[in-house]
Amino acid sequence: TDALEAYSSIQQATVSLTALTGSAEAADPMIGQLEETALQIPVATESLISAAQRMTAFGLTADQVTTALNDAANASFATGGAFDSTAQRITMMAAAGTAGARQLVSLGITADQLAAAMNSLGVSSDATASTITKAFKALDVDTRLEVIDAAVQKFDGIAISSAQTVGGAWQI
């Protein structure tokens, strides 16, 4: 029954993502990326699909969704937070430009680290912890995602490493 439930989830995601993207041609690569991601990280397929649907509804592209899902998985495993809420925080940060203390803490980063990521990417030359909220909000969605990705790179690979643990091996 687990295989049937997984197949059903993929079918439902295909219908949903087709509606959200406007075409099956746009949804198909996303489904493929979701299936690949589900095999690599120990996050329930339903959680990945739900997060991908929310991210797509906010206008993120397939590649952006994949990057954001991996960032959410790495940050949630590093901090011990729930994947679903971490993915939601990344989505809101990218879509709305919010970079408050609560969002940053849930990702395991500080305002100084987010400012450093902005400065290292060249999107700001003088971002500081005290100016980060305004500077981050002024960026476009693509750049916000790049900054978030750069800021959480210290956790890169943690989700894949967690998949090698006993608990990760049993995650579906």
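Quick look at the structure, then.

Parameters and conventions
Residues numbered from 1 in each chain as written. Predicted model: local features only at pLDDT ≥ 70, side-chain atom pairs only at ≥ 80, totals over all residues. Heavy atoms only, no water. Buried < 20%, exposed > 50% of the residue type's maximum accessible area, 1.4 Å probe, protein only. Helix = DSSP H or I, 4+ residues; strand = E, 2+ residues; numbered from the N terminus. Contact = heavy atoms within 4.5 Å. Polar contact = N/O pair within 3.5 Å; in protein donor to acceptor, adjacent residues only side chain to side chain. Core = buried A, V, L, I, M, F, W, Y, C linked by side-chain atoms within 4.5 Å. Expected span 1.5 Å × (residues − 1). Lys, Arg positive; Asp, Glu negative; His and termini not counted. Salt bridge = Lys/Arg side-chain N within 4 Å of Asp/Glu carboxyl O.

1. Points about helix α9 (residues 141-151)
- The set of residues buried in α9 consists of T143, R144, L145, V147, I148 and A151.
- Residues of α9 that are buried in the fold lie against α4 (62-79), α5 (83-96), α6 (101-107), α7 (111-121) and α8 (132-137).
- Of the residues flanking the start of α9, the one acting as N-cap is D140, its side-chain oxygen 3.2 Å from the backbone nitrogen of D142.

2. Focus on the environment of I132
- Topologically, I132 is positioned in helix α8.
- Taking C-alpha positions, I132 is 7.4 Å from A99, a pair spaced 33 residues apart along the chain.
- Residue contacts for I132: discarding those within four places in its chain leaves A111, L114, A115, M118 and A127.

3. Digging into the nonpolar core
- Counting residues in hydrophobic clusters, the biggest one holds 46 residues, and the most contacted among them are L34, L69, F83, L107, L114 and F136.
- For this core, the leading source of residues is α4, giving seven residues.
- The contacts of F136, once residues within four sequence positions are left out, are M93, G97, T98, A99, L114, M118, R144, V147 and I148.

4. A closer look at the side chain of T56
- The topology assignment puts T56 in helix α3 (residues 45-57).
- A relative accessible area of 7% means that T56 is categorised as buried.
- Ignoring sequence-local partners within four residues, the contact set of T56 consists of L17, L20, T21, M30 and V65.

5. With respect to α5
- Helix length check: α5 (14 residues) gives 20 Å between terminal C-alpha atoms against 20 Å at 1.5 Å per residue, within 8%.
- Phi for G97, located one or two positions after α5, is positive at around 80°.

6. So, the side chain of R144
- One can find R144 in helix α9.
- No salt bridge is formed by the buried R144; its nearest oppositely charged neighbour, D140, is found at 6.9 Å.
- Only 2.7 Å separates the side chain of R144 from the backbone oxygen of K137, close enough to count as a polar contact.
- What R144 contacts, discounting residues up to four positions off in sequence, is M93, A94, A95, A96, G97, F136, K137 and L139.

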